[in-house]
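Listed below, chain by chain, are the residues.
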Amino acid sequence: MHELSIAMSIVDIAREAVEKAGAREVSHIELEIGQLAGIELRALDFAWSEAVRNSVLAHATKAIHHIPGEARCMECETVFSIQALHQLCPACSGPFTEVIHGKELRVHALTVH
Amino acid sequence: MCITCGCNGDGHHLHGQEPHTHHHEHTARDGRVITLEQDILQKNQLLAERNRGFFEARGITALNLVSSPGSGKTTLLERTLADLHPDTPCFVIEGDQQTSCDADRIRATGVPVVQINTGKGCHLDAEMVNASVKHLKPTQDALLFIENVGNLVCPAMFDLGESARVIIISVTEGDDKPLKYPDMFHSADICLINKIDLLPYVNFHVDKMIEYARQVSHIDTFIQVSATTGQGMDEWYSWLKEKAGAAVSLE
Ligand SMILES: Nc1nc2c(ncn2[C@@H]2O[C@H](COP(=O)(O)OP(=O)(O)O)[C@@H](O)[C@H]2O)c(=O)[nH]1
Ligand SMILES: [Mg+2]
Ligand SMILES: [Zn+2]
């Protein structure tokens, strides 16, 4: 369950941001998670409560922005939406695609106090 | 509701360790929004790049071996080390704890090995590799094999700074593995199809597996091997030597 290390990395990022801002804690955090980022949201929720305990995120609410998958065909340049990595290009059926969105895994913003 | 702590403002709860009652304002205005746009894996990524720089400067070829539990990573390593070491200096970082004796099996080949204690961890990360390399002290132009935790999900997103990622699938696993674990295949550079000696006894279609792998990855080298009989191992060694030749340090 790599979601636990992901959650712990988020706690580290939040702690650094809180220290830098001279604040005490975080009340709200916004994450951006692409649909192809390899994160299971249920597993992340499960890991979250464990990871944030006694941290600056202990009382924070979290919001997740889902970023849909989008790919570009390397043959014909068509841009199309994807739900999985193995989808063929809808225009030319080419298998070689480049993921341009959906792999995101970011802390977008924090509200600190 | 208290936006600081999510309580209902009844005045009896903890903020951190200190009990207090509610005198502070409960408006969205207290609090400052900081926009970060920070990649969550950035710390691992930075450390992985440092490892990569360390390896490149010394001409070390670092291979990250990933597979399901039991696909034959350790067996494949044992045979590879027995055949290549010490003509080609080899080093091993053992990160798989499925069986505690993996490091002992490697040590028996006479190759320097460091065991990473991953505990309940499901993957190696760049920091663990960084710490292990400091102990192991791989020499110039060596091959450094890193046996990752047997898991085709979690290790996919953690760059260790490796020169190449080697995915091992065995014919006893089912040829649709690439479709079940697309992220892992997507991140791999070469695929070894192991236990090929068992092919006559199982319902595994090599061509189909390769076709699926091509759909989800950019892998262009597929080598059929048997770590127990030695079949196909020479092709694997040729690939390793070519890779190592390209990595030779600028002395
Ligand atoms: N028949 C056969 N068995 C193999 C081969 N490679 C590994 N094995 C067996 O598969 C089991 C798991 O191997 P191991 O190397 O421990 O897998 P790991 O968990 O990926 O390190 C052991 O019983 C090995 O003897 C192979 O090429 N052919
Ligand atoms: Mg093993
Ligand atoms: Zn196309």
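Right above here is the structure, for reference.
What you see is a predicted model, and the numbers here were worked out from it, not measured in a lab.

Analysis parameters
- Residues numbered from 1 in each chain as written.
- Chains lettered and ligands numbered in written order.
- Predicted model: local features only at pLDDT ≥ 70, side-chain atom pairs only at ≥ 80, totals over all residues.
- Heavy atoms only, no water.
- Helix = DSSP H or I, 4+ residues; strand = E, 2+ residues; numbered from the N terminus.
- Rg over C-alpha atoms; globule rule 2.2 N^0.38 Å.
- Buried < 20%, exposed > 50% of the residue type's maximum accessible area, 1.4 Å probe, protein only.
- Areas by Shrake-Rupley, 256 points an atom, 1.4 Å probe, with all protein chains shown as cover.
- Lys, Arg positive; Asp, Glu negative; His and termini not counted.
- Charge placed at Lys NZ, Arg CZ, Asp CG, Glu CD.
- Contact = heavy atoms within 4.5 Å.
- Polar contact = N/O pair within 3.5 Å; in protein donor to acceptor, adjacent residues only side chain to side chain.
- Donors = N, O, S within 2.8 Å, 3.2 Å for Na, K, Ca; no water.
- Near = heavy atom within 4 Å.
- Nonpolar A, V, L, I, M, F, W, Y, C, P; charged D, E, K, R; others polar.
- Pairing = 2+ DSSP bridges.
- Axes fitted to C-alpha atoms, helices over the stretch in contact; angles between N-to-C directions.

S.K.: It is not clear to me how the overall build of chain A should be interpreted in this structure. Could you clarify?
M.R.: Counting its regular elements, chain A contains two helices and six strands. Traced from its N-terminal end to its C-terminal end, chain A shows the element sequence α-β-α-β-β-β-β-β. Relative to the 2.2 N^0.38 estimate, which gives 13 Å for 113 residues, the radius of gyration of chain A is 17 Å and therefore markedly larger than a compact globule would have. Each principal axis of the C-alpha atoms in chain A carries an extent, and together these give about 55 × 25 × 15 Å. The 113 residues of chain A split such that 46% are buried. Summing over all exposed atoms, chain A offers an accessible surface of approximately 5,500 Å²; the carbon and sulfur share of this is 50%. Here chain A holds 9 positive side-chain charges and 15 negative ones, and the gap between their average locations is 6 Å.

S.K.: I'm lost on the environment of Ser 226 of chain B in this one. Help?
M.R.: Residue and element names in this part refer to chain B. As for its placement among the helices and strands, Ser 226 is situated in the loop between β10 (221–224) and α8 (233–247). Those residues in contact with Ser 226, other than ones at most four positions away along the chain, are Asn 194, Lys 195, Ile 196, Asp 197, Gln 231 and Met 233. One polar contact links Ser 226 to Asp 197, side chain to side chain, over a distance of 2.8 Å.

S.K.: It is not clear to me how the coordination of the magnesium ion (ligand 2) should be interpreted in this structure. Could you clarify?
M.R.: Each pair of donors in an ideal four-coordinate tetrahedral metal site encloses 109.5 degrees, whereas pairs in an ideal six-coordinate octahedral site enclose 90 or 180 degrees. Residues and elements named next belong to chain B. At 2.1 to 2.2 Å from the magnesium ion (ligand 2) lie its protein donor atoms, namely Thr 74 (OG1), Asp 102 (OD) and Glu 147 (OE). One chain supplies every donor to the magnesium ion (ligand 2), and in sequence these donors are spaced T-x27-D-x44-E. Residue Thr 74 is located in helix α2 (residues 73–84), and its partner Glu 147 is located in strand β7 (residues 143–147); the two are separated by 73 residues in the primary sequence.

S.K.: Sorry, what's going on with the site of ligand 1 here?
M.R.: All names here are of chain B. Around ligand 1, the structure places 18 residues, and the nearest of them are Gly 70, Lys 73, Thr 74, Thr 75 and Asp 197. A distance of 2.5 Å is found between an oxygen atom of ligand 1 and a side-chain nitrogen or oxygen belonging to Thr 75. Note that an oxygen atom of ligand 1 is positioned 3.3 Å from one of the side-chain N or O atoms of Arg 105. Relative to its unbound accessible area of 580 Å², ligand 1 is 74% covered by the protein chains. Broken down by element, the shell around ligand 1 gets its largest block of residues, three residues, from α2. A per-class count over the shell around ligand 1 returns three nonpolar, nine polar and six charged.

S.K.: It is not clear to me how the sheet that holds strand β9 (residues 190–194) of chain B should be interpreted in this structure. Could you clarify?
M.R.: Two strands in a sheet stick together by hydrogen bonds in their backbones, pointing the same way (parallel) or opposite ways (antiparallel). Residue and element names in this part refer to chain B. The seven strands lie next to each other as β6-β5-β7-β4-β8-β9-β10, forming an open sheet whose pairing is parallel. Here the strands that pair on one side only, and so sit at the sheet edges, are β6 (113–115) and β10. Averaged over all adjacent pairs, the angle separating strand axes in this sheet is 20°, with direction ignored. Pairing of strand β5 (residues 90–94) with β6 involves three bridges; the strand directions are parallel. Bridge pairing in β6 links Ile 93 to Val 114.

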